[in-house]
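# Report on the structure
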Amino acid sequence: MTDTSILKNLKILPMTFDDLEDVLKIEKLSFPSPWPKSQFVREIGNPFSNKFTAKIVQDGKEVVAAYIIFWVLADEAHILNIATHPEFRWRGIAKNLLVFTLNYLGEVRAREVFLEVRKSNTPAQRLYKDLGFKEIGVRKGYYGNNKEDAIVMALTLADVSLIDFEEEG
Ligand SMILES: CC(C)(COP(=O)(O)OP(=O)(O)OC[C@H]1O[C@@H](n2cnc3c(N)ncnc32)[C@H](O)[C@@H]1OP(=O)(O)O)[C@@H](O)C(=O)NCCC(=O)NCCS
């Protein structure tokens, strides 16, 4: 059974420059074409960009377990990046981060959330579908490294009723 006790000490906090080293490690372990440091630095300085980390305590030390980056432009939001450190996957961390994000977007009155996901990335697609995202289209050859198609997914926030953090364990 998946151990979700880790969620009890999960803290979601704004990403800062001090988190960059941990974030870059996770990014490199998570994507075939990881974002370079300069892109994270740009996001941290971009007022339209929102970035949060999910932190846990490991060996008495707070570490970044996952992060999310999303833009809000008028009433539309776009999730640009989300990843969980491989060591901490399958424990509900990304789901918590997304639930936090959807609640945040509800508070700032965004109406729709969009994202792209690789056609082959079934774990992420399942995660998004669990939260109510629907496939709305395909961008052919969207990913530069292998010309893989992107599935475009969207969620209308008005369709989302009460969302709560999961604290199983
Ligand atoms: C996708 C990713 C962010 C999920 O992170 P996570 O913290 O392990 O996810 P959670 O534990 O919150 O899982 C939530 C749901 O996602 C789905 N899921 C997660 N990992 C899965 C896997 N390996 N296979 C199938 N479904 C999976 C399940 O529906 C799961 O819900 P369940 O446990 O109730 O079945 C993580 O696998 C990751 O970092 N992947 C590499 C980066 C990436 O692909 N990012 C998304 C880009 S669009």
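Residues numbered from 1 in each chain as written. Predicted model: local features only at pLDDT ≥ 70, side-chain atom pairs only at ≥ 80, totals over all residues. Heavy atoms only, no water.

Take the packing of aromatic side chains next. Under the criterion given, the structure shown has nine aromatic pairs. Measuring from centroid to centroid gives 5.5 Å for F70 and Y104, while their planes differ by 75 degrees, and the two rings are edge-to-face. Of the two residues, F70 is situated in strand β3 (residues 61–73) and Y104 in helix α3 (residues 93–107); the sequence distance between them amounts to 34 residues. A residue is classified by how much of its surface remains accessible, and Y104, at 25% relative accessible area, is partly exposed. Feature note: the residues F52, F70, F100 and Y104 constitute an aromatic cluster, connected by ring pairs. Note that R118 overlies the ring of Y143, its terminal NZ or CZ placed 4.2 Å from the centroid. (Phe/Tyr/Trp six-rings, centres within 6.5 Å; stacked < 30°, edge-to-face > 60°. Helix = DSSP H or I, 4+ residues; strand = E, 2+ residues; numbered from the N terminus. Buried < 20%, exposed > 50% of the residue type's maximum accessible area, 1.4 Å probe, protein only. Lys NZ or Arg CZ within 6 Å of the ring centre and 35° of its normal.)

With that out of the way, let us pick up α3. In this model α3 runs 21 Å from its N-terminal to its C-terminal C-alpha over 15 residues, within 8% of the 21 Å that 1.5 Å per residue would give. Among all positions in α3, only I93, A94, N96, L97, L98, V99, F100, T101, L102 and L105 are buried. Looking at the residues trailing α3, positive phi occurs at R109, about 60 degrees. (Expected span 1.5 Å × (residues − 1).)

Mapped onto the fold, A150 is located in strand β7 (residues 148–156). The spacing of A150 and S120 is 30 residues in sequence and 8.9 Å in space, taken between C-alpha atoms. Setting aside residues up to four positions removed in sequence, A150 forms contacts with E116, V117, G137, V138, R139, Y142 and Y143. (Contact = heavy atoms within 4.5 Å.)

Among the secondary structure elements, N145 is positioned in the loop between β6 (134–143) and β7. Along the primary structure N145 and K11 are separated by 134 residues, whereas in three dimensions their C-alpha atoms are 34 Å apart. Setting aside residues no more than four positions away along its own chain, N145 makes contact with P32, S33 and R118.

Around the ligand there are 21 residues in total, and I82, W90, G92, N121 and R126 lie nearest to it. One of the backbone nitrogen or oxygen atoms of R91 is found 3.1 Å away from an oxygen atom of the ligand. A total of 910 Å² of accessible area belongs to the ligand in isolation, and the protein chains cover 82% of it. Those elements that provide at least two residues to the shell around the ligand are β4 (76–84), α3, β5 (112–118) and α4 (122–130). When residues in the shell around the ligand are grouped by element, the largest group, six residues, is from α4. Its residues placed into classes, the shell around the ligand shows 11 nonpolar, four polar and six charged. (Near = heavy atom within 4 Å. Polar contact = N/O pair within 3.5 Å; in protein donor to acceptor, adjacent residues only side chain to side chain. Areas by Shrake-Rupley, 256 points an atom, 1.4 Å probe, with all protein chains shown as cover. Nonpolar A, V, L, I, M, F, W, Y, C, P; charged D, E, K, R; others polar.)

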